[in-house]
Amino acid sequence: MISIGLTGWGDHEALYPPGTPARMKLSLYARHFPIVEVDSSFYAVLGEHTYQRWLDETPADFTFILKAYRGMTGHNRGKSPYGGPGEMFQAYLDSIRPMVESGRLKAVMFQFPPWFDCTADHIRRLRAVRKWMGSLPLALEFRHQSWYAPGVRDNTISFMRDEGWIHIICDEPQVGQGSVPAVLEPTDPNLTIVRLHGRNEGGWLQGGAPNWREVRNLYRYNRDELSDWRDKLAMLEEKGTREICMIFNNNSGGDAAPNALEMMELLGLETAGLPPQQLDLFGETE
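Residues numbered from 1 in each chain as written. Predicted model: local features only at pLDDT ≥ 70, side-chain atom pairs only at ≥ 80, totals over all residues. Heavy atoms only, no water.

1. What about the packing of aromatic side chains?
Here is step 1: Inspection of every chain in the model, using the stated rule, returns 16 aromatic pairs.
Here is step 2: Look at Tyr-221 and Phe-248: their rings are 6.4 Å apart centre to centre, the planes differ by 85°, and that puts the pair in the edge-to-face class. Here the residue Tyr-221 occupies a position in the loop between helix H9 (212-215) and helix H10 (223-238), and Phe-248 occupies one in strand E8 (residues 244-248), the gap between them amounting to 27 residues. Both residues of the pair, Tyr-221 and Phe-248, count as buried.
Here is step 3: One aromatic cluster is present, formed by Phe-110, Phe-112, Phe-116, Phe-142, Trp-147, Tyr-148 and Trp-165 through successive ring pairs.
Here is step 4: Stacked on the ring of Phe-42, the Lys or Arg Lys-67 has its end atom at 5.0 Å from the ring centre. (Phe/Tyr/Trp six-rings, centres within 6.5 Å; stacked < 30°, edge-to-face > 60°. Helix = DSSP H or I, 4+ residues; strand = E, 2+ residues; numbered from the N terminus. Buried < 20%, exposed > 50% of the residue type's maximum accessible area, 1.4 Å probe, protein only. Lys NZ or Arg CZ within 6 Å of the ring centre and 35° of its normal.)

What follows is the structure in C-alpha cells.
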C-alpha cells in the first residue's frame, strides 16, 4: 500500500479555488490526499482541542504524521518552558491523545538537526526518546551523513530495526554533511516514510539566509525523476514494507501538490485533480 501526501495543508494554493478561507483548507485537502504531515506540532505543544478539530474536519480513514516538538529533537535555543525532558515529553503525549485514541496517528516524526551526528551520546538519546514515547509508532529522519557513512550504515539500519524506529528515506541535494543519501532500507515491516525535499543544491545551502524558506525546497520534479521513484517504491515493497507514505516537501514554489498528484497518476492511484479557476466556478458566459 502506498499513500501520497504533503507537508501541511495551508500553503498549497494549487489545491484550492481562489479565496478559499484557511478554515476550509484541511477538509478540501483531504479530498485530494489520504495523509498529511503536520509541521505546526514542531513549533509548539498544541492543545488537545486542536487535534480533535482536525480529526473532525477529515474523513475517518484520513491519517496524520505529527512532527515532534522541537524541544524533543534538540532544536530549542534558550530556556525550556518545561522542568525537564520527562515533563516535556509527557506534555506532548497528553496533547496528541485525541490522535492516538482515534487510531489515525500514522507516526510521530523525529527530525533531528544537522548537528545531530552519529555518536554514542546521540545513540543513548535515541534510546531515551524511544522509552519516553512508549509504544507509539516513531519515525526517524537523520540530517547528518555520519549515520550512513561506509562501515556505519548497516549498524544504523540494524539499530533502527532493533529499537523500533520507522525509517524516513529522504530525497534531497547531496551537498555536504548536512545531506543524507536515499538509503532504500525499511526498518519496520509496517511502515516506511519517504520525504521528497527537492534537489535545489543552491537553495539547500541557504539555511541561514533571511529568505531560506523561499529557496530551500524550490524544486519541481520532472517526470523521469518521479518515474525513478516509482521504481524505488517497488523495491521497498519487495523488501517487505507493508505500507509506504510518500510526503512531498518541495513547496517553496508551490510544486509539492502538482508533483504529488502526478506521482499518484504514475502509481495508478485515484486523484481528485486540481480545482477549477475562479471564473470556471460560474461557467462560461457570452
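So much for the structure itself; the text now carries on.
2. So, the state of the cysteines
Here is step 1: Applying the stated criterion across every chain, the model contains zero disulfides.
Here is step 2: Cysteine Cys-118 remains unbridged, with the sulfur of Cys-170 as its closest cysteine sulfur at 16 Å.
Here is step 3: Considering cysteine sulfurs only, Cys-170 is the nearest to Cys-245, which forms no disulfide, with 14 Å between them. (Disulfide = S-S within 2.5 Å.)

3. Notes on the pattern of salt bridges
Here is step 1: A complete count under the given rule lists 20 salt bridges for this structure.
Here is step 2: Taking the shortest distance from any N to any O, the salt bridge between Arg-97 and Glu-48 comes out at 3.4 Å. Remark: Glu-48 occurs in helix H3 (residues 48-56) and Arg-97 occurs in helix H5 (residues 97-102); sequence separation between them is 49 residues.
Here is step 3: Arg-230 is paired through a salt bridge with Asp-231; the nearest N and O atoms lie 3.8 Å apart.
Here is step 4: According to the relative accessible area criterion, Asp-231 is partly exposed, its value standing at 43%.
Here is step 5: Through salt bridges that share partners, Glu-37, Glu-141 and Arg-195 make up one connected network. (Salt bridge = Lys/Arg side-chain N within 4 Å of Asp/Glu carboxyl O.)

4. Side note on the environment of Val-183
Here is step 1: If you trace the backbone, Val-183 turns up in the loop between strand E6 (165-171) and strand E7 (192-196).
Here is step 2: Given the relative accessible area of 3%, Val-183 is considered buried.
Here is step 3: Measuring from C-alpha to C-alpha, the distance between Val-183 and Gly-198 comes to 16 Å, with 15 residues separating the pair along the chain.
Here is step 4: Setting aside residues no more than four positions away along its own chain, Val-183 makes contact with Tyr-148, Arg-153, Ile-157, His-167 and Ile-169. (Contact = heavy atoms within 4.5 Å.)

5. Section: the sheet that holds strand E2 (residues 35-38)
Either a parallel or an antiparallel arrangement is found when strands of a sheet pair, and the pairing is made through backbone hydrogen bonds.
Here is step 1: If you trace the eight strands once around the closed barrel, you get E1-E2-E3-E4-E5-E6-E7-E8, paired in parallel fashion. In this sheet, adjacent strand axes meet at a mean angle of 25° when their direction is disregarded.
Here is step 2: Looking at chain direction, strand E3 (residues 63-67) and strand E4 (residues 105-111) are connected through four bridges and run parallel. Bridging from a neighbouring strand, Lys-67 pairs with Met-109 of E4.
Here is step 3: In this fold helix H7 (residues 153-163) packs onto strand E5 (138-141) and E6, with an angle of close to 140° to the strand it touches most, E6. (Pairing = 2+ DSSP bridges. Axes fitted to C-alpha atoms, helices over the stretch in contact; angles between N-to-C directions.)

6. So, helix H6 (residues 120-132)
Here is step 1: Taking 1.5 Å as the rise per residue, H6 with 13 residues should run 18 Å; its terminal C-alpha atoms sit 19 Å apart, in good agreement.
Here is step 2: Inspection of H6 places His-122, Leu-126, Val-129 and Arg-130 among the buried residues, and these make up the whole buried set. For H6, the arc enclosing every buried residue in end-on projection is 100°, short of the 170-degree limit, so these residues lie on one face. Looking at H6, the residues exposed on the side facing more than 90 degrees away from the buried face are Asp-121 and Lys-131.
Here is step 3: On its buried face, H6 sits against helix H4 (85-95), E4, E5, H7 and E6. (Expected span 1.5 Å × (residues − 1). Arc of directions from axis to C-beta.)

7. Considering the confidence of the model for the chain
Here is step 1: Model confidence for the chain is summarised by a mean pLDDT of 89, while 91% of its residues fall at 70 or above.
Here is step 2: A low-confidence stretch, residues 277-286 (pLDDT under 50), is modelled with three contacts involving residues beyond four sequence positions or located in other chains. (pLDDT = per-residue confidence, 0-100.)

8. Some points on the pairing of E8
Here is step 1: A large share of E8 lies buried, amounting to five of its five residues.
Here is step 2: Neither face of E8 is exposed, since Ile-244, Met-246 and Phe-248 on one face and Cys-245 and Ile-247 on the opposite face are all buried.
Here is step 3: As paired strands, strand E1 (residues 2-7) and E8 are joined by five bridges and run parallel to one another. Bridged to Ile-4 within E8 is Met-246.
Here is step 4: Note that E7 and E8 share five bridges and pair parallel. Bridge pairing in E8 links Ile-193 to Cys-245.

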